[in-house]
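# What the coordinates show
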Number of protein chains: 2
Amino acid sequence: MMRTRPLKVALLGCGVVGSEVARIMTTHAADLAARIGAPVELAGVAVRRPDKVREGIPAELITTDATALVKRGDIDVVVELIGGIEPARSLITTAFEHGASVVSANKALLAQDGAGLHAIAEEQNKDLYYEAAVAGAIPLIRPLRESLAGDKVNRVLGIVNGTTNFILDKMDSTGAGYQEALDEASALGYAEADPTADVEGFDAAAKAAILAGIAFHTRVGLDDVYREGMTEVTAADFASAKGMGCTIKLLAICERAADGGSVTARVHPAMIPLAHPLASVRGAYNAVFVESDAAGQLMFYGPGAGGAPTASAVLGDLVAVCRNRISGATGPGASAYTQLPVSPMGEVVTRYHISLDVADKPGVLAQVATVFAEHGVSIDTVRQQGKDGEASLVVVTHHASDASLNGTVEALRSLDTVRGVASIMRVEGE
Amino acid sequence: MMRTRPLKVALLGCGVVGSEVARIMTTHAADLAARIGAPVELAGVAVRRPDKVREGIPAELITTDATALVKRGDIDVVVELIGGIEPARSLITTAFEHGASVVSANKALLAQDGAGLHAIAEEQNKDLYYEAAVAGAIPLIRPLRESLAGDKVNRVLGIVNGTTNFILDKMDSTGAGYQEALDEASALGYAEADPTADVEGFDAAAKAAILAGIAFHTRVGLDDVYREGMTEVTAADFASAKGMGCTIKLLAICERAADGGSVTARVHPAMIPLAHPLASVRGAYNAVFVESDAAGQLMFYGPGAGGAPTASAVLGDLVAVCRNRISGATGPGASAYTQLPVSPMGEVVTRYHISLDVADKPGVLAQVATVFAEHGVSIDTVRQQGKDGEASLVVVTHHASDASLNGTVEALRSLDTVRGVASIMRVEGE
């Protein structure tokens, strides 16, 4: 049964993703209408540069006054693709207050203030959907929020940033150093002019906060996420990883503590075994591994960015929100009933690969082993290599807390026989 | 806001999956209530053998009269885990008529009569959900139906049967023959006493029909799916596959024709390149690769069967259906508006790997090549091996229709110099 009044959509932002959303809304109008149960029309497009030629978008729809657009009162769905905190937050809030539901791809805003926005949406009885905010086209938020709604998720382990995966994959496959791989990523358009948000893990941390909150039905803020970038990963680290049958990925890891009473969220480079499904995620692709009580191990894989893939996620949300408007219902909103606290990084338990430069003389290994034992960090394997009075020790530990490991490393640094700590890397996915 | 009247659930069938659903409903009652917004209670369990001890299920809930249970009138959701066509179909129909929504894991029934059941559900304004019917715990139906609702899916390529994947993986990794690998699968509980439904592809064909219908928004019946089992795959086929940098998988393939005017659905063993993400799906795991216009290539991976994983999918649906009951809405139903016809297998276009036993004398290759050319099948590579007056020719074609290939093979068989056609296998995923 098709109703005839079209649903009206306002687009905020018309860059790479927005123009693709507008294009598909036009070229696939009949399909969208059939799937929604009513036609859907573009009612306005807010842009910063109104003079730019935008193929396929009627000039009369273009406006620079985004606030007036979301205040019109006849808009069913506002699609926010501006990014950043302001004016996006105010525009979304205003949209809810003027009767619209919202689809957003804004990971920074959702990570920082998802709870606040969900509260306003709920108060106004409107939808807030944002599948496109995490891992581009990959259906992830809907599976976590809906498909796994009857299960207990224990762990989310993902490659959620395409730029850094491209760089690390390049380092792994060619032996290139970080800078060389970054330069290639820039030349190919995979890295931005200022790559900080990607390579320092800020982008992945925002996604980790969103995923952890949804997976564990609690609130996880951006400040709760431990973050370490991947700019200090070296070709030597990849060589060490290979020696262990591993590769290195920048991972977003959200975990429920073994006792179930708290959760953690973190982003850092880590070694993972080559046999792990995430190890074979190449180039700029993303993939997220989910472990739950009943379902076991699931993986979701696909393009993590780009105009068309992100538009696919936005339009999937748009169809869902439009269906909800017609039926007068709203979809599942924020779920934070568990109120689980987020533990600091020191309480995270994992394994570590540590490279030490040490003096090449008898008794060093015994000294080092004593320090590990004193801090309660159990050693799995040690490899000792010596030449010309210098030697290196590579220690792989059993599971230990980050706090114990940090204590160990600090004590090691104070040993006369330890010349330096060459690298510390966590080992995940085993 | 929690409403206090509990939602009542009737369970039809209490085998491996049903008992797990009942267990999780009990042990995770508080979580389910928080996620649904109301408590959910088990109101009755229909079984065939009432005397069997069922831990955790109060004896007074057990009944052998499934019909009376679904007719009670106070049941909110019927969870159908009986399987097969009857009495499952009648029970589901009766459930809708008496006010319940339905969650089912019944792939055979959904493949055979999904359209009819959806029509009754719609007429009664009730939900029919069945995520567990395809690929166990892997969220697949919801992503296809909802996440990709604004995209155009062109292809679904999947490993949707764990038993056959276990057998083929075993043959690949150990060089075992089919029977030996099947025996091991049986011994480990991966294959049933009568493995016909799995190894002849009936199970995968039912899933292909369901997936094709949802992916292309049309109706695809079980009879529309071309089906070929994997009992004739040999160790020699695996050796050939390795020579091409491939492995062999039993694939369910649903495709939109290049001109967009029709679709095809088929199940058969095929060679796929080792670099394809599906090639590394090991053991009894399932994975489905989806290609769409905007999202590009997505993959969904996880356990395809088993009590707990299937229960996870059932409970995800149960939460969604309960939420819909509370809000008075229904979720997205059947979508068959495109009414795309299903083309016969002869119109499927793919590549082929053909092994011929031929006479070892001059001119044979020219003869064989002429036959391919006459049928419009272009050859990519030919490998010729001869010994003791016998020779083999391995031909890999470019893309050609199945009808052309069949015509070619028939003509080859009539050649004096061709002693036999040792194997024909399709090559996919390139």
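Residues numbered from 1 in each chain as written. Chains lettered and ligands numbered in written order. Predicted model: local features only at pLDDT ≥ 70, side-chain atom pairs only at ≥ 80, totals over all residues. Heavy atoms only, no water.

## Side note on the overall build of chain A
Summing up its helical and strand segments, chain A has 14 helices and 17 strands in all. Here chain A has a C-alpha radius of gyration of 24 Å; the compact-globule value for 430 residues is 22 Å, and the two agree. The principal-axis extents of the C-alpha atoms in chain A amount to approximately 85 × 45 × 35 Å. In chain A, which comprises 430 residues, the proportion classed as buried is 57%. Residue pairs at least 24 apart in sequence account for 74% of intrachain contacts in chain A once pairs closer than 6 positions are excluded. Carbon and sulfur atoms form 50% of the exposed surface of chain A, whose accessible area is close to 16500 Å². Seen as two clouds, the 36 positive and the 51 negative side-chain charges of chain A have centres 5 Å apart. (Helix = DSSP H or I, 4+ residues; strand = E, 2+ residues; numbered from the N terminus. Rg over C-alpha atoms; globule rule 2.2 N^0.38 Å. Buried < 20%, exposed > 50% of the residue type's maximum accessible area, 1.4 Å probe, protein only. Contact = heavy atoms within 4.5 Å. Areas by Shrake-Rupley, 256 points an atom, 1.4 Å probe, with all protein chains shown as cover. Lys, Arg positive; Asp, Glu negative; His and termini not counted. Charge placed at Lys NZ, Arg CZ, Asp CG, Glu CD.)

## Remarks on helix α14 (residues 402–413) of chain A
An α-helical segment advances 3.6 residues per turn. Residues three or four places apart therefore align on the same side. All names here are of chain A. Here α14 contains 12 residues, and its C-alpha end-to-end distance of 16 Å stays within 8% of the 16 Å for a straight helix at 1.5 Å per residue. Along α14, the residues that are buried comprise Asp402, Leu405, Gly407, Thr408, Val409, Ala411 and Leu412. In the core, the buried residues of α14 are packed alongside β13 (349–359), α13 (364–374), β16 (400–401) and β17 (418–427). (Expected span 1.5 Å × (residues − 1).)

## Details of the pattern of salt bridges
Inspection of every chain in the model, using the stated rule, returns 48 salt bridges over all chains. Two residues, Arg23(A) and Glu20(A), come together in a salt bridge whose shortest N-O distance is 2.8 Å. Here Arg23(A) and its partner Glu20(A) are both found in helix α1 (residues 16–27), three residues apart, which amounts to about one turn of the helix. We classify Glu20(A) as buried; its relative accessible area is 18%. Put simply, Asp172(A) and Lys242(A) hold a salt bridge, and the shortest N to O gap is 3.6 Å. Of this pair, Asp172(A) sits in helix α7 (residues 162–174) while Lys242(A) sits in helix α11 (residues 235–243); the two residues are 70 residues apart in sequence, bridging distant segments of the chain. Bridged by salt links that share partners, the residues Arg142(A), Glu146(A), Asp317(A), Arg142(B), Glu146(B) and Asp317(B) form one connected network. (Salt bridge = Lys/Arg side-chain N within 4 Å of Asp/Glu carboxyl O.)

## Comments concerning the packing of helix α5 (residues 107–123) of chain A against helix α10 (residues 202–216) of chain A
Residue and element names in this part refer to chain A. Packing of α5 against α10 brings their axes to within 8 Å, and their N-to-C directions diverge by 50°. As judged from the angle between their axes, α5 and α10 are oblique. The chirality of how α5 crosses α10 is left-handed. Between α5, through Lys107, Leu110 and Ala111, and α10, the contact on the second element is made entirely by Asp203, Ala206, Lys207, Ala209 and Ile210. Residues that form the contact of α5 with α10 fall into these classes: five nonpolar, no polar and three charged. (Axes fitted to C-alpha atoms, helices over the stretch in contact; angles between N-to-C directions. Parallel < 35°, antiparallel > 145°, perpendicular 65-115°, else oblique. Left-handed = near helix turned anticlockwise from the far one by under 90°. Nonpolar A, V, L, I, M, F, W, Y, C, P; charged D, E, K, R; others polar.)

## A few points about the packing of aromatic side chains
Residues and elements named next belong to chain B. In this structure the tally under the stated criterion is five aromatic pairs over all chains. With a centroid separation of 5.0 Å and an interplanar angle of 10°, the aromatic rings of Tyr285 and Tyr301 are classed as stacked. Of the two residues, Tyr285 sits in strand β11 (residues 285–292) while Tyr301 sits in strand β12 (residues 296–303), which places them 16 residues apart along the sequence. Residue classification places Tyr285 among the partly exposed residues on the basis of a relative accessible area of 24%. Overall, Tyr301 belongs to the buried group, its relative accessible area being 11%. (Phe/Tyr/Trp six-rings, centres within 6.5 Å; stacked < 30°, edge-to-face > 60°.)

## Points about the environment of Ala10(A)
Residue and element names in this part refer to chain A. Within the secondary structure, Ala10 sits in strand β1 (residues 7–12). Residues Ala10 and Val77 lie 67 residues apart in sequence; the distance between their C-alpha atoms is 6.4 Å. Residues within four places of Ala10 in sequence aside, it is in contact with Gly44, Leu69, Ile75, Val77, Val78 and Val79.

## Digging into the domain arrangement of chain A
Taken domain by domain, chain A holds domain 1 (7–136 + 307–327), domain 2 (149–302) and domain 3 (345–427). Using C-alpha coordinates to define each centre, domain 1 of chain A is positioned 52 Å away from domain 3 of chain A. (Domains from an automatic or database assignment.)

## Quick look at the environment of Ala329(A)
With respect to the helices and strands, Ala329(A) occurs in the loop between α12 (307–327) and β13. For Ala329(A), a relative accessible area of 12% corresponds to the buried category. Through-space distance from the C-alpha of Ala329(A) to that of Ala121(A) is 13 Å; in sequence the pair is 208 residues apart. When neighbours within four sequence positions are excluded, Ala329(A) is seen to be in contact with Asp127(A), Asn324(A), Ser327(B) and Ala329(B).

## A word on the side chain of Thr417(B)
All names here are of chain B. Mapped onto the fold, Thr417 is located in the loop between α14 (402–413) and β17 (418–427). Separated by 2.6 Å, the side chains of Thr417 and Gln367 make a polar contact. In contact with Thr417, other than residues within four places in its own chain, are Asp357, Val358, Ala359, Lys361, Val364 and Gln367. (Polar contact = N/O pair within 3.5 Å; in protein donor to acceptor, adjacent residues only side chain to side chain.)

## Quick look at the relation of the copies chain A and chain B
Note on the identical chains: chain A maps onto chain B by a rotation of 180° and an axial translation of 0.0 Å, with an RMSD of 0.0 Å. The transformation relating the two chain copies, once decomposed into turn and shift, fits a two-fold axis. Residue Phe300(A), judged by its C-alpha, is the member of chain A lying nearest the rotation axis, at 2.4 Å. When the interface residues of chain A are mapped onto chain B, 100% of them are again interface residues, pointing to one common binding face. (Least-squares fit on C-alpha atoms with pLDDT ≥ 70 in both.)

## Quick notes on the pairing of β13(A)
Residues and elements named next belong to chain A. Across the 11 residues that make up β13, a large majority, nine, are buried. Examined bridge by bridge, β13 and β16 share two bridges and lie antiparallel to one another. Along β16, the bridge assignment pairs Thr350 with Ala400. One ladder, built from eight bridges, connects β13 with β17; its direction is antiparallel. Within β17, the residue paired with Val358 across the bridge is Val418. By the bridge criterion, seven bridges tie β13 to strand β15 (residues 390–397) in an arrangement that is antiparallel. In the sheet register, Leu356 faces β15, and the bridge partner there is Leu393. (Pairing = 2+ DSSP bridges.)

## Here we look at the sheet that holds strand β4 (residues 77–80) of chain A
Residue and element names in this part refer to chain A. Reading across the sheet, the six strands line up as β3-β2-β1-β4-β5-β6 and stay open at both edges, with parallel pairing between neighbours. Across the chains shown, the open sheet's two edge strands, defined by having one partner strand only, are β3 (62–63) and β6 (128–129). Here β4 runs beside strand β5 (residues 101–104); their pairing, made up of four bridges, is parallel. Looking at β5, one finds that Glu80 is bridged to Ser104.

## Looking at the UniProt feature "active site" (unreviewed entry) in chain A
Residues and elements named next belong to chain A. Under the UniProt annotation, the feature "active site" (unreviewed entry) is placed at Lys207. Relative to the elements of secondary structure, Lys207 occurs in helix α10. On the accessibility criterion, Lys207 (6% relative accessible area) is buried. Residues within four places of Lys207 in sequence aside, it is in contact with Lys107, Ala133, Val134, Ala135, Val160 and Asn161. (UniProt positions renumbered as here; feature names shortened; annotations may be inferred.)

## Looking at the interface of chain A and chain B
Facing the 44 residues of chain A at the interface are 44 residues of chain B. Carbon and sulfur atoms supply 56% of the area buried between chain A and chain B, which totals about 3700 Å² over both sides. Interface area lost by chain A to chain B is led by Arg35(A), Tyr301(A) and Tyr337(A), which between them contribute 17%. Summed over the shared surface of chain A and chain B, the result is two salt bridges. Across the salt bridge formed by Arg142(A) and Glu146(B), the nearest N and O atoms sit 3.6 Å from each other. On inspection of chain A and its partner chain B, the count reaches 16 residue pairs in polar contact (both at pLDDT 80 or more). The set of elements that each furnish at least two residues to the side of chain A that touches chain B consists of α2 (29–36), α6 (141–147), β12 (296–303) and α12 of chain A. (Buried area = accessible area lost by both parts, 1.4 Å probe.)

## So, the side chain of Glu146(B)
Mapped onto the elements of the fold, Glu146(B) is located in helix α6 (residues 141–147). Apart from the residues lying within four places of it in its own chain, the contact partners of Glu146(B) are Arg142(A), Glu146(A), Gly316(A), Arg323(A) and Pro332(B).

## Notes on the state of the cysteines
Inspection of the entire model under this criterion finds zero disulfides over all chains. In this structure Cys322(A) is a free cysteine whose sulfur lies 18 Å from that of Cys14(A), the closest cysteine sulfur available. (Disulfide = S-S within 2.5 Å.)

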